[in-house]
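Structural features, examined
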Amino acid sequence: MRSLKLTLSAFVILFFASCDTLNQATQVLSQAGFGNPTPSEISLGLKQALEFGTSSSADRLSATDGFFANAAIKILFPEEAQKVERTLRSVGLNNLADNVILSINRAAEAAAIEAKPIFISAVKGMTFSDATNILLGGQQDAATLYFKRVTSQQLADRFRPIIESNLQKVGATRHWSDAINAYNRIPLVGKVNPDLSSFVTGRAIDGIFFEIAQEELKIRTRISARSTPLLQKVFAYADRNRG
């Protein structure tokens, strides 16, 4: 009987391995009634969790105010230009400073959706060894670190042209130029002109990884976040064998 169950499990995994959300695999495997998950179930379960989490993060951040209304990742003036903001506000140019902040966050929101296919590709390329180490290695942010390692350059390459285009589209470049020019005209200040598109690209990617880390922590620590039978089985196993 056990041999028959294992054969059925292997057939189901191979048949449904190409499904993006793995919902069908989850439904069938959860009915098999095994105790500990098989290596293939561990891989399927973790990939399902990561696909759900990264897609949710990208969708949330790409919505209006996804960056701007999130105090943890809201993009402000670059560090080397914060004296610009302080000076502008001190001379009554609050609206100009506010327009810069709003417009650069809008540019990041426009780019965030591009992260979804990059993360899904990274999930599909994950090996059994990757999945096991992420699930059982004891690091609460192991999946986030994996994504940073394998996707950061792709994200930068994909984000930068989109952000540059949207900085123009939403008026950020104009607001930024106005702010920098207004600051540079003030007597006795040192001239500044940070690379805005590089700065916003970097902060947008930081924001994506911050959100993914929150999703990862949620599914590791909150049983209610394990929304399918397969996730419940795999992460309950991880709870029992953590570290």
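The rules we used
- Residues numbered from 1 in each chain as written.
- Predicted model: local features only at pLDDT ≥ 70, side-chain atom pairs only at ≥ 80, totals over all residues.
- Heavy atoms only, no water.
- Helix = DSSP H or I, 4+ residues; strand = E, 2+ residues; numbered from the N terminus.
- Buried < 20%, exposed > 50% of the residue type's maximum accessible area, 1.4 Å probe, protein only.
- Contact = heavy atoms within 4.5 Å.
- Areas by Shrake-Rupley, 256 points an atom, 1.4 Å probe, with all protein chains shown as cover.
- Core = buried A, V, L, I, M, F, W, Y, C linked by side-chain atoms within 4.5 Å.
- Axes fitted to C-alpha atoms, helices over the stretch in contact; angles between N-to-C directions.
- Parallel < 35°, antiparallel > 145°, perpendicular 65-115°, else oblique.
- Nonpolar A, V, L, I, M, F, W, Y, C, P; charged D, E, K, R; others polar.
- Salt bridge = Lys/Arg side-chain N within 4 Å of Asp/Glu carboxyl O.
- pLDDT = per-residue confidence, 0-100.
- Phe/Tyr/Trp six-rings, centres within 6.5 Å; stacked < 30°, edge-to-face > 60°.
- Lys NZ or Arg CZ within 6 Å of the ring centre and 35° of its normal.

Looking only at helices and strands, one finds 11 helices and zero strands in the protein. In sequence order, the protein lays out its α and β elements as α-α-α-α-α-α-α-α-α-α-α. A burial count over the protein gives 46% of its 243 residues as buried. A sequence separation of at least 24 residues applies to 79% of the contacts in the protein between residues at least 6 apart. Looking at the protein as shown, the accessible area adds up to about 12,000 Å², and 53% of this sits on carbon and sulfur atoms.

In this section: unusual backbone geometry. Phi is positive for Asp65, close to 75°, though the residue is something other than glycine. Relative accessible area serves as the criterion here: at 30%, Asp65 is assigned to the partly exposed category.

Take the nonpolar core next. Membership of the largest hydrophobic core comes to 61 residues, with the highest contact counts inside it found for Phe147, Phe159 and Val200. The residues contacting Phe159, other than those within four sequence positions of it, are Ala111, Ala112, Glu114, Ala115, Thr201, Ala204, Ile205 and Ile208.

Let's shift gears to the packing of helix 3 (residues 39-62) against helix 6 (residues 115-124). Where helix 3 meets helix 6, the closest approach of the two axes is 9 Å, and the angle between their N-to-C directions is 170°. Considering the angle they form, helix 3 stands roughly antiparallel to helix 6. The segment helix 3 lies against helix 6, with Lys47, Leu50, Glu51, Thr54, Ser55, Ala58 and Asp59 engaging Lys116, Phe119, Ile120, Val123 and Lys124. Looking at the contact of helix 3 with helix 6, its residues break down into five nonpolar, two polar and five charged.

Summed over the entire model, instances satisfying the criterion amount to 14 salt bridges. Asp98 serves as the salt-bridge partner of Arg89, at 2.8 Å between the closest nitrogen and oxygen. Residue Arg89 is classed as partly exposed on the basis of its relative accessible area, which comes to 26%. What makes Asp98 partly exposed here is its relative accessible area of 36%.

Right, let's get into the confidence of the model for the protein. The predicted coordinates ought not to be read in detail in places where the model reports low pLDDT. The share of residues in the protein with pLDDT of 70 or more is 81%, and the mean pLDDT across the chain is 81. Averaged pLDDT values over the elements of the protein bottom out at 37 in helix 1 (residues 2-16) and peak at 93 in helix 6. With pLDDT under 50 throughout, residues 1-34 is counted as low confidence; its partners more than four residues away or in other chains account for 41 contacts.

Turning next to the packing of aromatic side chains. The tally for this structure, following the rule as stated, stands at three aromatic pairs. When the centroid spacing of 6.2 Å and the interplanar angle of 65° are considered together, the rings of Phe119 and Phe209 count as edge-to-face. With a gap of 90 residues between them, Phe119 in helix 6 and Phe209 in helix 10 (residues 196-221) connect regions that are remote in the sequence. In this structure Phe119 comes out as buried when scored by relative accessible area, which is 1%. An aromatic cluster of three or more residues is present, and its members are Phe119, Tyr146, Phe147 and Phe209. A cation over an aromatic ring shows up here: Lys74 above the ring of Phe68, its NZ or CZ 4.4 Å from the ring centre.

With respect to the helices and strands, Asn105 occurs in helix 5 (residues 94-112). When near neighbours in sequence (up to four residues on either side) are disregarded, Asn105 contacts Phe67, Phe68, Lys74 and Ile75.

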